[in-house]
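A look at the structure
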Amino acid sequence: MKGIANILTRTLEYSACNLKGDLTMKKLLAILCLLCVSVSAFAFAEEDTIVFGGSEPTYLEPNAPAVGGPEIHVVEQIQEGLVRMSSDGTTVEPLLATDWTISDDGLTYTFNLVPGVVFSDGTPVKGEDWVWSLYRARDTETSEYRFVAEPIDTVEAKDNQLIITLTEPNGAFLAELASFNMVLGCKAYAESMTEEEYIMHPIGTGAYMLKEWNHGNYVLLEKNPNYRNADKVKTQYIKFQTVEDDNTRLMQLQSGQIDIMGDIPASLMDVVRTTEGLTLKTFESTQIRYLLLNTTIEPFNDINVRKALLKGINRAEIAEVVYGEFGGATASVLSAAHSKYYNDALEVTPYNPEEAKADLAAAGYPDGVEFTLYSSPNEVYQQMAILLQSQLAPAGFTVNIVTQDGGTIYENAQNLKNQACMFQWSDDYYDPSEMLGWICDYDQSQAWFTGLNDVELDEMQAAALVERDDAKRVEMYKDLQQRVYDNANVIPLFHNSFAYAFSDKIEGLAVDTFSNYYCENLSKAE
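This write-up is about the structure you can find in this document. (Residues numbered from 1 in each chain as written. Predicted model: local features only at pLDDT ≥ 70, side-chain atom pairs only at ≥ 80, totals over all residues. Heavy atoms only, no water.)

**Examining the packing of helix α11 (residues 315-323) against helix α13 (residues 379-392)**
Viewed as axis vectors pointing N to C, α11 and α13 meet at an angle of 145 degrees, and their least axial separation amounts to 10 Å. Handedness of the α11/α13 crossing: right-handed. Touching Glu317, Ile318, Val321, Val322 and Tyr323 of α11 are Val380, Gln383, Met384, Leu387, Leu388 and Gln391, all from α13. Each residue belonging to the contact of α11 with α13 can be placed in one class, and the counts come to eight nonpolar, two polar and one charged. (Axes fitted to C-alpha atoms, helices over the stretch in contact; angles between N-to-C directions. Helix = DSSP H or I, 4+ residues; strand = E, 2+ residues; numbered from the N terminus. Left-handed = near helix turned anticlockwise from the far one by under 90°. Contact = heavy atoms within 4.5 Å. Nonpolar A, V, L, I, M, F, W, Y, C, P; charged D, E, K, R; others polar.)

Here's what the structure looks like:
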């Protein structure tokens, strides 16, 4: 603050020396007020606020039409569910439930609720809020994650308990309750406005609440004064600054404009390591990068073309170039972090462009195939696109790269308008049903925006979801991975460790296996 005071003094001295003749006390006071406002804003940003740099969310409610990492990182600070995953991602732990029991037939879950919880606006939580919230997660047709709540038949609230009855047993249900969309919202608050208004400004019971959303610039969260553990929350404001470009984000981290940067590409890791005052952290994550092929239009409606494409991709090279020591080629769509469920018998297709070209000719494409690959401007995806273009050229594939913002690519993918595009997936809870449900349950995402309606695959996934015998369930999920592998519509390219960087002034930052940030204990040293 001494530096700010000196700036203020020097500025006033400059003003007194340079404003001639008509300088009045009123003008000096006006200058002083302006400077005080600037100083206040500077002090606010420096001392009371921790700033994340990343992409801007589209909505702030987990059952909105399109939800991904930028939305989840904000939502999880505002809203809470009955349970959550432990910080190591291996077990389910209580959150707004103190404990629970499961009936012998696996159909009824009874939760004892934390008493005295209120929303951030001071409204006491009622049983009807729980009932409304879980039905909302199940029934909101525009939500891409309603499949997580589909097992729910009825929800009943009485006394300080919540009783959930399922349509049939579900081995994943407790883990599914830890998903970001299975959270508590305020029924009366939501019904006081339109759906369009609510998904932009929800309230919850979490450690933070929305203070301001300056679209295109930042989302500012403020400490929730009604949070049940408010005395433990160390930072008044959490700011999610919109910085789409990786290099710009890193420069802002180096200059102190932001405090935390996630999803760092390998090409920037050495820069972080050698920058004084910054810390780089990496750990095994569930993140995998994928190439998605639209099977409803040529040329990828032909499985022979899709299989030829596999031979024209050098996944090991892509992993090495993009993520170096922190990446690796993968054959299964499921992360190896799922241990016993992971099908390690699947093998990455060897790179063989000559054989790929011959396979294309045999499939009726002697002159090769041309297609458009849509990529976001993110450095990771740009590197992936250029490598795919280079690798596939000698295999007979001409790849035209079109760069669009992530939101446009996602919307077009939803409507099956992209020939090919690239996305990433990080699990939200420890169970294979989420990732494989997203790909196999056609009604949910059209086989992850590839349009491949494999009825048998859908039935296999539905059976695995309700299987309660653990050994059988493990084998069923391995079979699902094999069938997706054979379909070659969703192609996993590589897995990578999650990398994030932060200022050495930051203390208490916790990030779990699913790339979720825990901000309650965050603080920043002066």
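**Some remarks on the sheet that holds strand β9 (residues 218-223)**
Spatially, the seven strands line up as an open sheet ordered β8-β9-β10-β1-β11-β19-β12, and their pairing is mixed. Because the sheet does not close on itself, it has two edges, and the strands there are β8 (208-214) and β12 (278-283). Put simply, the sheet's adjacent strands are angled 20 degrees from each other on average, direction ignored. Alignment of β9 against strand β10 (residues 237-242), held across five bridges, turns out to be antiparallel. (Pairing = 2+ DSSP bridges.)

**Here we look at the pattern of salt bridges**
A complete count under the given rule lists 17 salt bridges for this structure. Close ionic contact of Arg473 with Asp431 constitutes a salt bridge, the shortest N to O distance being 2.9 Å. Taken together, the residues Arg473 in helix α18 (residues 470-487) and Asp431 in the loop between β17 (420-425) and α15 (433-440) connect sequence positions 42 residues apart. A relative accessible area of 3% places Arg473 in the buried class. (Salt bridge = Lys/Arg side-chain N within 4 Å of Asp/Glu carboxyl O. Buried < 20%, exposed > 50% of the residue type's maximum accessible area, 1.4 Å probe, protein only.)

**Observations regarding helix α8 (residues 246-255)**
Buried within α8 we find Asp246, Arg249, Leu250, Gln252 and Leu253. Axial view of α8: buried residues confined to an arc of 160 degrees, hence all on one face. For α8, the N-terminal cap is Asp245; the gap from its side-chain oxygen to the backbone nitrogen of Asn247 is 3.1 Å. Once α8 finishes, Gly256 follows within two positions and takes phi at roughly 90 degrees, a positive value. (Arc of directions from axis to C-beta. Polar contact = N/O pair within 3.5 Å; in protein donor to acceptor, adjacent residues only side chain to side chain.)

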